[in-house]
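Each chain, written out:
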Amino acid sequence: MSLLAARDGVEYTIHNIITEDAEMDAFLFSLGCYSGEPITVVRRVKGGCVVSIKDGRYTIDNLLAEAIEVNVM
């Protein structure tokens, strides 16, 4: 499932990043968002969500959230 469909407060494992945009892929990688890493949706905001990756919190838009496939830990 995509991160867009994930429930708030539940820790997931990133399974895959599905994007054909190298710049978007590099941006997500720079945040620590890559296969095998834990990720949690902290809360939803207009047009996106706040996620916790490693030791940081980031606001990502729905396009980025849709590109992140996750599995429940």
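Read on for an overview of the structure. (Residues numbered from 1 in each chain as written. Predicted model: local features only at pLDDT ≥ 70, side-chain atom pairs only at ≥ 80, totals over all residues. Heavy atoms only, no water.)

Focus: the sheet that holds strand β1 (residues 11–17)
Adjacent strands of a sheet pair through backbone hydrogen bonds, lying either parallel or antiparallel. Strand order in this open sheet of five strands is β4-β3-β2-β1-β5, and the pairing throughout is antiparallel. Whereas interior strands pair on both sides, the edge strands pair on one side only; in this sheet they are β4 (56–61) and β5 (68–72). When the angles between neighbouring strand axes are averaged without regard to direction, this sheet yields 45 degrees. Pairing geometry for strand β2 (residues 38–45) and strand β3 (residues 48–53), over six bridges, is antiparallel. Each bridged residue has a counterpart across the sheet, and for Arg 43 the counterpart in β3 is Val 50. (Pairing = 2+ DSSP bridges. Helix = DSSP H or I, 4+ residues; strand = E, 2+ residues; numbered from the N terminus. Axes fitted to C-alpha atoms, helices over the stretch in contact; angles between N-to-C directions.)

Let's talk about the pattern of salt bridges
Per the counting criterion, the structure on display carries one salt bridge. Asp 8 is the partner of Arg 44 in a salt bridge, and the nearest nitrogen-oxygen pair spans 3.0 Å. Note that Arg 44 is positioned in strand β2 and Asp 8 in the segment before β1, a separation of 36 residues in sequence. (Salt bridge = Lys/Arg side-chain N within 4 Å of Asp/Glu carboxyl O.)

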